Amino acid sequence: MTRKQLIEQIKLKRSFLCVGLDTDIEKIPSCLLDLEDPIFEFNKRIIEATADLCVAYKPNIAFYESRGAQGWRSLQRTCEIIPKSCLNIADAKRGDIGNTADMYAKTFFSKEVSGLEFDAVTVAPYMGEDSISPFLEYPGKWSVVLALTSNKGSLDFQFLADLSGKRLFEHVIEKVNALGSSEQVMYVVGATRGEYFKDIRRIAPDHFLLVPGIGAQGGSLQEVCAFGMNKECGLLVNANRSIIYASNGSDFAERAREEAQKLQIEMEQELQKIGILI
């Protein structure tokens, strides 16, 4: 999916919602557990219930690879049913160099090699340019680079400053800007770091930002939009637990839709504020 196509979907659906598929076998409704592939069935019903309300899905790879071969099969089947109108993001946070990075890129971008074909993958930049560049070699694919996360441990490294006062996350964004354009690169910025969106937009005014932390993690959609939205929206706001685990009963898909729709309505209001909707 190109940048232009993504923006078109945001306008069409009046939404910039990304639904995280962090599907945990221990949390899905018990009514699914006797099925041959309960993880896939759960995802299928969530997708069917929310596809018209969101512009992206983000399977968290750890929840699938932890289940071995069956988990990878569930992931593959899930990828096959995500609508082409939705960006399909592998939340893998891969970060290695040389041949290893090449293989990670093939894993998520080359259907001929792995059976998987995502539109985007999250990438950890700690090892520098050669941990990112292999992902940028795939035309039409996105590298979603970790920039400023919302976890407690982000304070350990991401805010370290040099003698001029420039913080590590700012160095990361500046370096990656030089490697790939806003047609190839997005940045992960946690919703609970709302006050820093202004600093990030100063460095990356045009890039899309993938924003986790809304909903169960306590991030404010209004604050994220106030500081992080640009003239083309420029945001993909992710929610997972608040949507996919809205109910642990047989009505889980209906409840997921209700929660997604609440966010979509709020997002429509934010898009109207910047005049992006007709």
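Look up: the structure comes first, before these words.
This section reports on the structure supplied with the text. This structure is a prediction, so every number in the text was calculated from the model and none was measured.

1. Looking at the nonpolar core
Point 1. If you look at the biggest cluster of nonpolar residues, it comprises 91 residues, and the most contacted ones within it are F16, Y187 and L235.
Point 2. It is helix α13 (residues 252-273) that contributes the most residues to this core, seven residues altogether.
Point 3. Those residues in contact with F16 that lie beyond four places of it in its chain are I10, V55, L221, C225, M229, C233, L235, L236, V237, M267, E270 and L271.

2. Overview of a nonpolar patch on the surface
Point 1. Taken together, the side chains of I97, Y126 and M127 make up a nonpolar region of the molecular surface, amounting to roughly 350 Å² of accessible area.
Point 2. Mapping I97 onto the fold places it in the loop between β3 (87-94) and α5 (98-109).

3. A few points about the packing of aromatic side chains
Point 1. A full pass over the atoms with the stated rule returns eight aromatic pairs.
Point 2. With a centroid separation of 6.0 Å and an interplanar angle of 65°, the aromatic rings of F108 and F118 are classed as edge-to-face. One end of the pair, F108, is in helix α5; the other, F118, is in the loop between α6 (111-114) and β4 (120-123), and 10 residues separate them in sequence. The same class applies to F108 as to F118, namely buried.
Point 3. On the numbers, 5.6 Å between centres and 65° between planes, the contact of F159 with F169 is edge-to-face. Of the two residues, F159 is situated in the loop between α8 (154-157) and α9 (168-179) and F169 in helix α9; the sequence distance between them amounts to 10 residues.
Point 4. Cluster of aromatic residues (ring-pair linked, three or more members): F42, Y245 and F252.

4. Quick look at the pattern of salt bridges
Point 1. Following the criterion strictly, the structure yields 18 salt bridges and no others.
Point 2. For R45, the salt bridge is made with E41, and the minimal N-O distance between the two is 2.9 Å. Taken together, the residues R45 and E41, both in helix α2 (residues 38-50) and four residues apart, mark about one turn of the helix.
Point 3. Note that D52 and R257 form a salt bridge whose closest N and O atoms lie 2.8 Å from each other. Of this pair, D52 sits in the loop between α2 and β2 (56-59) while R257 sits in helix α13, and the two are 205 residues apart along the sequence.
Point 4. Each of R167, E170, D199 and R202 takes part in a single network of salt bridges with overlapping partners.

5. What to know about the pairing of strand β1 (residues 17-21)
Point 1. With five of five residues buried, β1 is to be regarded as a mostly interior element.
Point 2. Alternating residues of β1 divide into L17, V19 and L21 and C18 and G20, and every residue in both groups is buried.
Point 3. One ladder, built from four bridges, connects β1 with β2; its direction is parallel. Looking at β2, one finds that L21 is bridged to P59.
Point 4. Taken together, β1, α2 and β2 form a β-α-β motif whose crossover is right-handed.

6. Observations regarding the sheet that holds strand β7 (residues 208-211)
Point 1. If you trace the eight strands once around the closed barrel, you get β1-β2-β3-β4-β5-β6-β7-β8, paired in parallel fashion. Neighbour-to-neighbour, the strand axes of the sheet open up by a mean angle of 30°, direction not taken into account.
Point 2. Summarising the sheet, β7 and strand β8 (residues 235-239) pair through three bridges and their orientation is parallel. Of the residues in β8, the one forming a bridge with V211 is V237.

7. As for the packing of helix α11 (residues 221-228) against α13
Point 1. Taken N-terminus to C-terminus, the directions of α11 and α13 make an angle of 30°; their axes are 11 Å apart at the nearest point. Here α11 lies roughly parallel to α13, going by the angle between them. The chirality of how α11 crosses α13 is right-handed. The residues of α13 that touch α11, namely those facing L221, Q222 and C225, are L263, E266, M267 and E270.
Point 2. Residue classes in the contact of α11 with α13 are distributed as four nonpolar, one polar and two charged.

8. Here we look at the environment of V237
Point 1. Along the chain, V237 falls in strand β8.
Point 2. With relative accessibility at 1%, the residue V237 sits in the buried group.
Point 3. Taking the C-alpha atoms as reference points, V237 and C54, 183 residues apart in sequence, are found 9.7 Å from one another.
Point 4. Once you skip the residues sitting within four places of it in the chain, V237 turns out to touch F16, L17, C18, V211, I214, L221, V224 and M267.

9. What about α9?
Point 1. A rise of 1.5 Å per residue sets the reference length of α9, with its 12 residues, at 16 Å; its end C-alpha atoms lie 17 Å apart and thus fit the reference within 8%.
Point 2. The complete set of buried residues in α9 reads F169, E170, V172, I173 and V176. An end-on view of α9 places all buried positions within 155° of arc, on one side of the element.
Point 3. The secondary structure elements touched by the buried residues of α9 are β5 (142-148), β6 (185-189) and α10 (197-203).

Conventions used here
- Residues numbered from 1 in each chain as written.
- Predicted model: local features only at pLDDT ≥ 70, side-chain atom pairs only at ≥ 80, totals over all residues.
- Heavy atoms only, no water.
- Core = buried A, V, L, I, M, F, W, Y, C linked by side-chain atoms within 4.5 Å.
- Buried < 20%, exposed > 50% of the residue type's maximum accessible area, 1.4 Å probe, protein only.
- Helix = DSSP H or I, 4+ residues; strand = E, 2+ residues; numbered from the N terminus.
- Contact = heavy atoms within 4.5 Å.
- Patch = residues over 30% accessible without salt bridge, like charges linked within 9 Å, V, L, I, M, F, W, Y side chains within 5 Å.
- Areas by Shrake-Rupley, 256 points an atom, 1.4 Å probe, with all protein chains shown as cover.
- Salt bridge = Lys/Arg side-chain N within 4 Å of Asp/Glu carboxyl O.
- Phe/Tyr/Trp six-rings, centres within 6.5 Å; stacked < 30°, edge-to-face > 60°.
- Pairing = 2+ DSSP bridges.
- Right-handed = clockwise from strand over helix to strand, strands pointing away.
- Axes fitted to C-alpha atoms, helices over the stretch in contact; angles between N-to-C directions.
- Parallel < 35°, antiparallel > 145°, perpendicular 65-115°, else oblique.
- Left-handed = near helix turned anticlockwise from the far one by under 90°.
- Nonpolar A, V, L, I, M, F, W, Y, C, P; charged D, E, K, R; others polar.
- Expected span 1.5 Å × (residues − 1).
- Arc of directions from axis to C-beta.

Functional significance is not addressed by these values, which are geometric in nature.
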